[in-house]
Amino acid sequence: MTLYPNLILDALSGVRYPGNGKSLAENEMIEDDIRIDGNKVSFSLIFDKPTDPFIKSVIRSAEAAINSKISPEVEIKGNIAAKFRKPLPDKKPELLPGVKNIIGISSGKGGVGKSTVSANLAVALAAKGYKVGLLDADIFGPSMPKMFGVEDEQIYMINKDGRDWIEPIEKYGVKMLSIGFLVDKEKPVLWRGGMASNALKQLISDAWWGELDYFLIDMPPGTSDIHLTLVQTLPITGVIVVSTPQEVALADARKGLAMFTDTKVNVPVLGIVENMAWFTPAQHPDEKYYIFGEGGAVRLAEQSGVPLLAQIPLVMDIRAHADDGRPVAVILENDSAAANAEARAFATLAENVVEAVERRNRELPATHKVEMQR
């Protein structure tokens, strides 16, 4: 029996690739390396990638075609090699390679001022000279565009390292992105959990965040798919839990603490912020009225064994400046002594967060993405 390359090619002409129904020749899958040594035949088939699900079946079909159309005496079994046009990369590109610390800011329930704390903490850190990014991860209730006064800003692309990236909006020294820039601000976001998670991943992976000392994430209230998406996507350095002193808020804050300290998640808690700790009238800056209770989050911090990072008073200027798009932390001088006290409170919070992060990095191992068990 005389074997030659065209005889092999004729035998393979009836073999089709299941992925598209075309022949191996039409798909240009037969490598030009047919080797014949007596009855022994060997050659390679080219596939797009190592994960192609049809590799084994195509090779078996090619072996069967040669043995049936030429002769069962042809030694072909085990002699067809698989080559690949697109070999898998050694590892996935690292997300946020220029970011030193990723800080999640969470709350057990809505309405406790978590986003206000996030915005003012970001501005206060930037005022101290740190490079800061802020991601509004509250997909269904984005508020950062309003708080920074950039609701009408347009998102643009920037070309870096040979590809196009989303360019964050920068104001008050903070790079910021929110889904609020990409949806109609007058309409609700009617997305299922998977769509929301994918949109959030895009804001993380497709944006040019550059070099940052702190990347703050304003998480949605409660415990949800978004929280799991974040801890599975990013190696979060630690989280800050925000609560008011009110028992209803504290009950939900405990659930938030339990989520992050659960052995399946195990993200370090940097500390607790007690927001709206007391009300101080602008006309009487030395007076304190404990509208939501006194010291509830202080006691929660003690019971949980985590630091109390700050007590933020409730003053009207905070609400007013948030609505005006100028976080109170940017106010250096103001006629309202209460506003100055509020700005100082956020400056103190920034100092305590820096200290908590440094302590966490000294005492705990490097953070890794959470691998959740199914």
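Please read these numbers as outputs of a predicted model, since none were measured by experiment.

Enquirer: Would you take a moment to explain the pairing of strand 10 (residues 212-218) for this structure?
Expert: Of all 7 residues in strand 10, 7 are buried, a share of seventy percent or more. The pairing of strand 4 (residues 99-107) with strand 10 spans 6 bridges and is classified as parallel. Opposite I102, over in strand 10, you have F215 as the bridge partner. Inspection of the sheet shows strand 5 (residues 132-136) paired to strand 10 by 5 bridges, in the parallel sense. Looking at the pairing, L134 lines up with L216 of strand 10.

Enquirer: Can you help me understand the side chain of N101 in this one?
Expert: Structurally, N101 can be placed in strand 4. Setting aside residues no more than four positions away along its own chain, N101 makes contact with D213, Y214, F215, T237, V357 and N361.

Enquirer: Help me understand the pattern of salt bridges in this model?
Expert: One side chain can pair with another of opposite charge once the charged atoms of both are near each other. Within this structure, the stated rule accounts for 12 salt bridges. Between R85 and D48 there is a salt bridge, and its shortest N-O distance comes to 3.2 Å. With R85 in the loop between strand 3 (80-84) and strand 4 and D48 in the loop between strand 2 (40-47) and helix 2 (55-69), this pair connects stretches of sequence that are 37 residues apart. A salt bridge links K255 to D252; the nearest nitrogen and oxygen atoms lie 3.7 Å apart. Taken together, the residues span about one helical turn, with K255 and D252 both in helix 7 (residues 247-261) at a distance of 3 residues. Residues joined in a network through salt bridges with shared partners are E31, D33, R35 and K83.

Enquirer: Please explain the packing of aromatic side chains as it appears in this structure.
Expert: Two measures describe an aromatic ring pair: the distance that separates the ring centres and the angle between the ring planes. Throughout the structure, instances matching the rule amount to 7 aromatic pairs. Ring plane angle 70° and centroid distance 4.8 Å describe the contact between W209 and F215, whose orientation is recorded as edge-to-face. Summarising the burial analysis for this pair, W209 and F215 share the class buried. The aromatic ring of W165 is capped on one face by R163, whose charged end is 3.8 Å from the ring centroid.

Enquirer: Any chance you could explain the nonpolar core here in plain terms?
Expert: In terms of nonpolar packing, the biggest core is built from 83 residues, with F148, F215 and L216 touching the most fellow members. With residues near it in sequence (within four places) discarded, L216 still touches I103, I105, S118, L121, A122, L125, V132, G133, L134 and L135. Formed by 21 residues, the second largest nonpolar core is a distinct cluster that contains I8, M29, V58 and I80.

Enquirer: How should the sheet that holds strand 2 be read in this particular structure?
Expert: Sheet strands pair by backbone hydrogen bonding; their relative direction is either parallel or antiparallel. Across the sheet, which stays open at both edges, the 3 strands sit in the order 1-2-3 with mixed pairing between neighbours. The open sheet has two edge strands, strand 1 (35-37) and strand 3, and neither has a second partner. The mean angle between the axes of side-by-side strands here comes to 20°, regardless of whether they run parallel or antiparallel. Pairing geometry for strand 2 and strand 3, over 5 bridges, is parallel. Each bridged residue has a counterpart across the sheet, and for S44 the counterpart in strand 3 is A81.

The rules we used
- Residues numbered from 1 in each chain as written.
- Predicted model: local features only at pLDDT ≥ 70, side-chain atom pairs only at ≥ 80, totals over all residues.
- Heavy atoms only, no water.
- Buried < 20%, exposed > 50% of the residue type's maximum accessible area, 1.4 Å probe, protein only.
- Helix = DSSP H or I, 4+ residues; strand = E, 2+ residues; numbered from the N terminus.
- Pairing = 2+ DSSP bridges.
- Contact = heavy atoms within 4.5 Å.
- Salt bridge = Lys/Arg side-chain N within 4 Å of Asp/Glu carboxyl O.
- Phe/Tyr/Trp six-rings, centres within 6.5 Å; stacked < 30°, edge-to-face > 60°.
- Lys NZ or Arg CZ within 6 Å of the ring centre and 35° of its normal.
- Core = buried A, V, L, I, M, F, W, Y, C linked by side-chain atoms within 4.5 Å.
- Axes fitted to C-alpha atoms, helices over the stretch in contact; angles between N-to-C directions.

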